[in-house]
Amino acid sequence: MGTVVDDTASAEFHAFFERHYAELSRLAHLLTGEADTADDLAADALLALWHRWDRVRAADHPAAYARGVVANLARTRIRSAVRERRRIALFWSPREERIENPDVPGVVDVQEALRRLPFRKRACVVLRHAFDLSEKDTALALGVSVGTVKSQTSKGMAELQRLLGTREVPRQVHAAVAATAGGEAVGNARKRPHGARGRKR
């Protein structure tokens, strides 16, 4: 099914891209832990949205729809990476997981801890505490119930507190997304348009 391209739809999509691209890239980074693929996942999500833009533009919550697409792409990426790691593990001894260098920024510790959470817990924690979404908006983005969001967020935060050895987890998760927005943890990921630079809610 082809996409009907008209000036109004194109302008609306461009505005949506500028407003949400950076946020979706940060979300992909925090969900996958892979800075070098976050931009690509965000771009893939937006391309998928463009192909169904008539449906997206008519949705009650287009941004939640977009976050859901990113979450689904991230889940697929993680499953693929897990399979690849299992193959590599047959030939490569496991890397030491503890970070011994005291100069490594605390944000790296948070990102490492997030990667150790099951995907749904990680997604709930990131959307609730890094992106300040309400329980309802998080549920919309992930296609789950508000009750599931409450339960998974609570369990995820408890696991992060155990992994990080601190109760300052919400502040640290905020710091992680701020560092991602500022480029500290993004590394040399390719630069794309940044019309929506680290917008806070």
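These lines cover the structure that appears in this document, whether it is placed above or below. (Residues numbered from 1 in each chain as written. Predicted model: local features only at pLDDT ≥ 70, side-chain atom pairs only at ≥ 80, totals over all residues. Heavy atoms only, no water.)

## Remarks on the pattern of salt bridges
To keep it simple, the criterion reads: Basic side-chain nitrogens of Lys or Arg form a salt bridge, by our definition, when they fall within 4 Å of a carboxyl oxygen of Asp or Glu. Secondary structure elements follow DSSP: runs of H or I of four or more residues count as helices, runs of E of two or more count as strands, with numbering from the N terminus. Burial classes: relative accessible area under 20% of the type maximum marks a residue as buried, over 50% as exposed, and values in between as partly exposed (1.4 Å probe, protein chains only).
This structure, assessed with the given rule, holds 7 salt bridges. Of the charged contacts, one joins arginine 57 and aspartate 54 as a salt bridge, the two residues approaching to 3.4 Å between their closest N and O atoms. Taken together, the residues arginine 57 and aspartate 54, both in helix α3 (residues 53–57) and 3 residues apart, mark about one turn of the helix. Judged by its relative accessible area of 45%, aspartate 54 is partly exposed. For the salt bridge of arginine 128 with glutamate 135, the shortest nitrogen-to-oxygen distance reads 4.0 Å. On the accessibility criterion, arginine 128 (22% relative accessible area) is partly exposed. When its relative accessible area of 27% is taken as the criterion, glutamate 135 is described as partly exposed. Among the charged side chains, a salt-bridge network with shared partners connects Glu12, Asp54 and Arg57.

## Side note on the packing of aromatic side chains
Stated precisely, the cut-off is as follows: Here the aromatic set is Phe, Tyr and Trp, taking the six-membered ring for Trp, and pairing holds for ring centres within 6.5 Å; pairs whose planes are under 30 degrees apart are stacked, those over 60 apart are edge-to-face, and all others are tilted.
Scanning the model with the defined rule gives 4 aromatic pairs in all. Ring-pair connections join several aromatic residues into one group, and the members of that group are Phe13, Phe16, Trp50 and Trp53.

## What about unusual backbone geometry?
Of note, the phi angle at aspartate 132 is positive, near 55°, even though the residue is not glycine. The residue aspartate 132 is located in the loop between α6 (119–130) and α7 (135–142) in this model. According to the relative accessible area criterion, aspartate 132 is partly exposed, its value standing at 37%.

## As for α6
Our working definition: By this rule the span expected of a helix is its residue count minus one, scaled by 1.5 Å.
Here α6 is 12 residues long and its end C-alpha atoms lie 15 Å apart, about the 16 Å a rise of 1.5 Å per residue gives. In terms of burial, α6 is a largely internal element, 10 of the 12 residues being buried. Those residues of α6 not exposed but buried are Phe119, Lys121, Arg122, Ala123, Cys124, Val125, Val126, Leu127, His129 and Ala130. Note on α6: the residue one or two positions beyond its end, aspartate 132, has a positive phi of about 55°.

Everything listed is a geometric property; what it means functionally is a separate question.
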